[in-house]
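Residues per chain, in single letters:
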Amino acid sequence: MVKKETTKITPWEVEGKVDYDKLIRKFGTSPLDQELVKRIERNAGASHLFLRRGIFFSHRDLNLVMDDYENGKGFFLYTGRGPSGPMHIGHIIPFIMTKWFQERFKVNVYIELTDDEKFLNDEKITLDYSRKWSYENALDIIALGFDPDKTFIFQDTDYIKNIYPMAIKVAKKINFSLVKAVFGFRNDTNIGMIFYPAIQIVPTFFEKKRCLIPAAIDQDPYWRIQRDIAEGFGYYKAAAIHNRFLPPLTGLEGKMSASIPETAIYLHDDEKTVRQKIMKYAFSGGQATVELHRKLGGNPDVDVSFQWLKYLFEPDDSKIKKIEEEYRSGNLLTGELKEILIEKINQFLEKHRSEREKAKEKINEFTQNGILAQQMRNNIFE
Ligand code: TYM
């Protein structure tokens, strides 16, 4: 059967095989090349596997962010989460990158929880539900280690008073035919969704500095619109750094989806569930029998366990190289590779669970009492 090559990518849907080079051309972004990675590493005084290994593969104006950093103007970070339910291990990629930039460059981070978006976008999601998940997701985000004095986490339905004046100014500059073309809205799309992009754009104006947004490439359509209107308001065009989608357990197409449980490992999955899911569903690049595998070797390029180690769970470059070679040569069997991944994920999740417990005590610092949160409570953007 010929594989479907057509890709559909919007902030709400990713279907088919994702051709990242094609997306760079289609969206008009720039590839994140080694020269720029080296420059970031020089300024950061450290290297990150997401940058070294091309997990973040594309950007907008990241070179200008580095200019601003080098000449002392500085920048700030913005990212977010749509609280539609539990978070999976793909969702944390942009947050881990954001936290790294915060730590290395000592800059403020704004995190938007879009309870409004998720309520509007899905018939089945009630407002109570997306509000409850805003809290739960905030704990998972805080558990990743953000600085409480330099991070403000806000939930749209709560913070809207501060955002609304700017949101209507933004909305006035965007017409229906544009959002139809950019997001694929239709005549029967509810008008809440049609307005929503204004709300996701406003946080790029939280400071009069350049805003850098780490997110998967599916969120880029918002930044494209932002970049058309920002300078008219006296602000900078948003800069962005785009990550690939962590592939679903079941194979390399599309993205891991929180609504299809067998494609995802959730942050709340226990050790047994992690083991069961990986053993049962992780798409293998191995051969049909041990004999054949020893003879022909496996294919790490399509093997999801290998890809997850490369994306997230094995930061040591020499170890990942060894695993790749051993798997390709047939020395390492699929079952053994899965065991390596299971152990790594369970180690990560064990630490995550304990940090998440601590986050319950700390959440008010991020939403109310920390230095940045206090500053933001009374700021009205207009
Ligand atoms: P949401 O909740 O769909 O996704 C949260 C973040 O995770 C990225 N992402 C992934 N990254 C790697 N692998 C995957 N399989 C994967 N699936 C999703 C998303 O790109 C996103 O960065 N509308 C947004 C919330 C939002 C936001 C923002 C996101 C508001 N403001 C600013 C980024 C930046 C949403 O529903 O994200």
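An account of the accompanying structure is given in this report. (Residues numbered from 1 in each chain as written. Predicted model: local features only at pLDDT ≥ 70, side-chain atom pairs only at ≥ 80, totals over all residues. Heavy atoms only, no water.)

## Quick look at the overall build of the protein
1) Next: Within the protein, the secondary structure is distributed over 17 helices and 9 strands.
2) Next: The C-alpha atoms of the protein give a radius of gyration of 21 Å, which matches the 21 Å a tight globule of 382 residues would have.
3) Next: Principal-axis analysis of the C-alpha atoms places the extent of the protein at approximately 65 × 45 × 40 Å.
4) Next: Counting the 382 residues in the protein, one finds 53% classified as buried.
5) Next: Summing over all exposed atoms, the protein offers an accessible surface of approximately 17,400 Å²; the carbon and sulfur share of this is 50%.
6) Next: Across the protein, the centroid of the 57 positively charged side chains sits 2 Å from that of the 55 negatively charged ones. (Helix = DSSP H or I, 4+ residues; strand = E, 2+ residues; numbered from the N terminus. Rg over C-alpha atoms; globule rule 2.2 N^0.38 Å. Buried < 20%, exposed > 50% of the residue type's maximum accessible area, 1.4 Å probe, protein only. Areas by Shrake-Rupley, 256 points an atom, 1.4 Å probe, with all protein chains shown as cover. Lys, Arg positive; Asp, Glu negative; His and termini not counted. Charge placed at Lys NZ, Arg CZ, Asp CG, Glu CD.)

## Digging into the side chain of His 48
1) Next: With respect to the element layout, His 48 can be found in the loop between helix 2 (34–44) and helix 3 (49–52).
2) Next: Taking the relative accessible area as the measure of exposure, His 48 reaches 11% and is therefore buried.
3) Next: A polar side-chain atom of His 48 sits 3.0 Å from the main-chain amide nitrogen of Phe 50. (Polar contact = N/O pair within 3.5 Å; in protein donor to acceptor, adjacent residues only side chain to side chain.)

## Some thoughts on the environment of Lys 169
1) Next: Here Lys 169 is to be found in helix 8 (residues 156–172).
2) Next: Considered as a pair, Lys 169 and His 293 are 124 residues apart in the sequence and their alpha carbons are 61 Å apart.
3) Next: Once residues within four sequence positions are removed from consideration, Lys 169 is found in contact with Phe 233 and Glu 382. (Contact = heavy atoms within 4.5 Å.)

## What to know about the site of the ligand
1) Next: With respect to spatial proximity, 26 residues lie near the ligand, and among them Tyr 78, Arg 81, Gly 82, Glu 117 and Asp 218 are the closest.
2) Next: At a separation of 2.8 Å, a nitrogen atom of the ligand approaches a polar side-chain atom of Glu 117.
3) Next: At 2.7 Å, a side-chain N or O of Asp 218 approaches an oxygen atom of the ligand.
4) Next: Compared with its free state, where it exposes 690 Å², the ligand has 99% of that area covered by protein.
5) Next: For the shell around the ligand, the secondary-structure elements that each account for two or more residues are strand 5 (75–81), helix 6 (115–121) and strand 8 (210–216).
6) Next: Per-element tally for the shell around the ligand: the top contributor is strand 5, with 4 residues. (Near = heavy atom within 4 Å.)

## Overview of the pattern of salt bridges
1) Next: If you walk through the whole model with that rule in mind, you get 25 salt bridges.
2) Next: A salt bridge links Arg 39 to Glu 70; the shortest N-O distance between them is 2.9 Å. Of this pair, Arg 39 sits in helix 2 while Glu 70 is found in helix 4 (residues 62–70), placing the two residues 31 residues apart along the sequence.
3) Next: The class of Arg 39 is buried, set by a relative accessible area of 17%.
4) Next: The partner of Glu 207 in a salt bridge is Lys 209, and the shortest N-O contact between them spans 3.8 Å.
5) Next: Since its relative accessible area comes to 33%, Lys 209 is described here as partly exposed. (Salt bridge = Lys/Arg side-chain N within 4 Å of Asp/Glu carboxyl O.)

None of the figures reported here should be taken as evidence of function without further support.
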